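Structural description and commentary
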Amino acid sequence: MIITSTKLCLRPDQKLIFAPLGDIHYNVRGHDRVKFTEIIEWIAKTSERADRVVRVPLMGDELDTMSRGERKGYHGAGLHSGTRSWIEEKMASDMEALIQALDPIRHLIPTVIAGNHNFTFQESSSGSLVGKNVSRIIAERLGVPYLGVCGVNILEIRPSEQTNAYHVFKVFMHHGFGAATTKGTSVNQLVKLKEKFPMCNLYIMGHNHVKIGTTTEGIDFRKNYRTSAWEMCGVVQGFVRSASFLKGYIPGEVVDGDTGSYVEESCMNPAGLGIVTANLRWRTKHVHGKIRYNGFSLHTQE
């Protein structure tokens, strides 16, 4: 597991918005280009506000490349080198198109997670891409950490540039796994992450194409180093499923076992398109005319 840390200044008048982008599937017919473009524009515009700080982790399946099972079949298919080179050229072209589409928000992307739809370049014709998968290359092009399928980003958040004191906010990210065909099952799968990684503040997953945002509240105990007294402080944990940009049902498309969407063929629930956000603010109180920072308040929005 890759663990990264980020120093961040969040003023008391600002809100930190986590807007994870996952399951984009940018290069397939079912990709909702209109919705994706609208979300990119909204994120870029929101980040320009003085009272907003925005972070957009990428949660995997950026392209609709081969799944794990398809990759095994591809390697054993006996395709000749010219065909393999052509496939890799197409994937490289699609990847460049996505990177260009992300350009308005590239400075807001802190990390890249790998999904189950991924592809590693192998042909010599791919040059410097050989040995790297799509998600890793995107991370390198953006200049941010590549976490693989699972990772943690620990934020050291300060209320101003003039102080070295900070509060920790831990973000656990996993692309997702298994099948969860109902929203209740998907929520349960997400919240169960807390059993394995109990001390994180925000848990983000993708994969199931379901919009989920919820929080739990609790109490912790923290020492006041000015008075040496132990005090209660609020603890909030958030759970976000990053939805999708892959339409499950496409008007005018025939599904007959050989063509069309697997979602429609299996009569699965329609995908939750768009994003889910987690919104963080300082929890403060005034003591003797001074502001005291007592952790964070967090809410989610589907």
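First things first, this report covers the structure right here in the doc. Each chain has its residues counted from 1, running along the sequence as written. Side-chain atom pairs in this predicted model are given and counted only at pLDDT of 80 or more, local residue features only at pLDDT of at least 70, and totals for whole chains, interfaces and linings cover all residues. Calculation of side-chain values draws on the structure's entire complement of heavy atoms; hydrogens and water are dropped beforehand.

If DSSP finds at least two bridges between two strands, the strands pair. Labels follow the DSSP assignment, with helices taken as runs of H or I lasting at least four residues and strands as runs of E lasting at least two, numbered in each case from the N terminus. Taken in spatial order, the 4 strands of this open sheet run E3-E2-E11-E12, and their pairing is mixed. Pairing within the sheet leaves two strands with one partner each, and these edge strands are strand E3 (52-55) and strand E12 (290-301). Pairwise comparison of adjacent strand axes, ignoring direction, gives a mean angle of 20 degrees for this sheet. Bridging between strand E2 (residues 15-18) and strand E11 (residues 277-287) involves 3 bridges; their strand directions are antiparallel. Bridge pairing links Phe 18 to Ala 278 in E11. Against the sheet, helix H1 (residues 33-47) contacts E2, E3 and E11, and its axis sits at roughly 140 degrees relative to E3. In this analysis, axes come from line fits to C-alpha atoms, helices being fitted only over the stretch in contact, and the angle between any two N-to-C directions falls in the range 0 to 180 degrees. We call two residues in contact whenever any of their non-hydrogen atoms come within 4.5 Å of each other.

Along the chain, Asn 153 turns up in strand E6 (residues 150-158). The classification of residues rests on relative accessible area computed with a 1.4 Å probe and restricted to protein chains. Under 20% of the type maximum is buried, over 50% is exposed, and intermediate values are partly exposed. Under the relative-accessibility criterion, Asn 153 is labelled buried at 6%. We call two N or O atoms a polar contact when they sit within 3.5 Å, provided that within protein one can donate a hydrogen and the other can accept it, with sequence-adjacent residues counted only if both atoms are side-chain atoms. A polar contact is formed between the side chain of Asn 153 and the side chain of Thr 6, at a distance of 3.1 Å. With residues up to four places along the chain from it excluded, the contact list for Asn 153 reads Thr 4, Ser 5, Thr 6, Phe 169, Lys 170, Val 171 and Met 173.

Take the pattern of salt bridges next. Side chains that differ in charge, positive against negative, can pair when their charged atoms come close. Should a side-chain nitrogen of Lys or Arg be within 4 Å of a carboxyl oxygen of Asp or Glu, the pair is scored as a salt bridge. Scanning the entire structure with this criterion turns up 11 salt bridges. Where Glu 156 meets Lys 7, a salt bridge forms, and the shortest distance between an N and an O atom there is 2.9 Å. Here Glu 156, found in strand E6, pairs with Lys 7, found in strand E1 (residues 2-9); they are 149 residues apart in sequence, far enough to count as distant. On the basis of relative accessibility, which here comes to 16%, the residue Glu 156 falls in the buried class. Salt-bridge contacts for Arg 283 lead to Glu 217; the nearest nitrogen and oxygen are separated by 3.8 Å. A residue pair is termed long-range when its members are at least 10 positions apart, and Arg 283 in strand E11 and Glu 217 in strand E9 (residues 211-224) qualify at 66 residues. On the basis of relative accessibility, which here comes to 22%, the residue Arg 283 falls in the partly exposed class. Glu 217 gets classed as exposed once you look at its relative accessible area, which sits at 54%.

So, on to H1. Between its first and last C-alpha atoms H1 spans 21 Å; for 15 residues at 1.5 Å apiece the expected length is 21 Å, and the two agree. Along H1, the residues classified as buried are Phe 36, Ile 39, Ile 40, Ile 43, Ala 44 and Thr 46. Along the axis of H1, the buried positions cluster into a sector of 165 degrees, meaning they face one direction only. Facing away from the buried side of H1 by more than 90 degrees, the exposed set consists of Val 34, Glu 41 and Lys 45. Residue count minus one, scaled by 1.5 Å, sets the expected span of a helix. Arc definition: directions from the helix axis to the C-beta atoms.

Moving on: the sheet that holds E9. Through backbone hydrogen bonds, the strands of a sheet pair up, either in parallel or in antiparallel fashion. One open sheet holds the 6 strands; their spatial order is E1-E6-E7-E8-E10-E9, and the pairing between them is mixed. Edge positions in the open sheet fall to E1 and E9, since each of these has one partner strand only. With strand direction ignored, the average angle separating the axes of adjacent strands in the sheet is 20 degrees. Its contacts with the sheet put helix H5 (residues 183-191) on strand E8 (202-205), E9 and strand E10 (229-242), and the angle it makes with E10 is roughly 135 degrees.

In this structure, E9 lies alongside E10, joined through 14 bridges in antiparallel fashion. Across the sheet, Ile 219 pairs through a bridge with Gly 234, a residue of E10. The turn linking E9 back onto E10 is made up of 4 residues, and Ser 228 within it adopts a positive phi angle of 70 degrees.

Note on soluble globular proteins: their nonpolar side chains tend to be buried together. One finds Leu 21, Phe 36 and Ile 105 to be the most contacted residues of the largest nonpolar core, which totals 40 residues. Among the secondary structure elements, those contributing two or more residues to this core are H1, helix H3 (81-101) and helix H4 (134-142). If we skip the residues at most four places from it in the chain, Ile 105 touches Leu 21, Ile 40, Ile 43, Ala 44 and Val 56. Buried Ala, Val, Leu, Ile, Met, Phe, Trp, Tyr and Cys residues form a nonpolar core when they are joined through side-chain atoms within 4.5 Å. Of all hydrophobic cores here, the second largest spans 23 residues; its members include Phe 18, Leu 147, Leu 155 and Leu 202.

This part covers a nonpolar patch on the surface. Residues Ile 219, Phe 221, Trp 230 and Met 232 make up a contiguous nonpolar surface patch of about 530 Å² in total accessible area. Elements supplying a minimum of two residues to the nonpolar patch: E9 and E10. On the secondary structure map, Phe 221 appears in strand E9. Look at Phe 221 and you get exposed, because its relative accessible area is 52%. Like-charged residues are merged into a patch within 9 Å and nonpolar side chains (Val, Leu, Ile, Met, Phe, Trp, Tyr) within 5 Å, provided each residue has over 30% relative accessible area and no salt bridge. Residue-level accessible areas treat just the shown protein chains as cover; the underlying method is Shrake-Rupley with a 1.4 Å probe.

Scope: geometric values only; no functional claims are made or implied.
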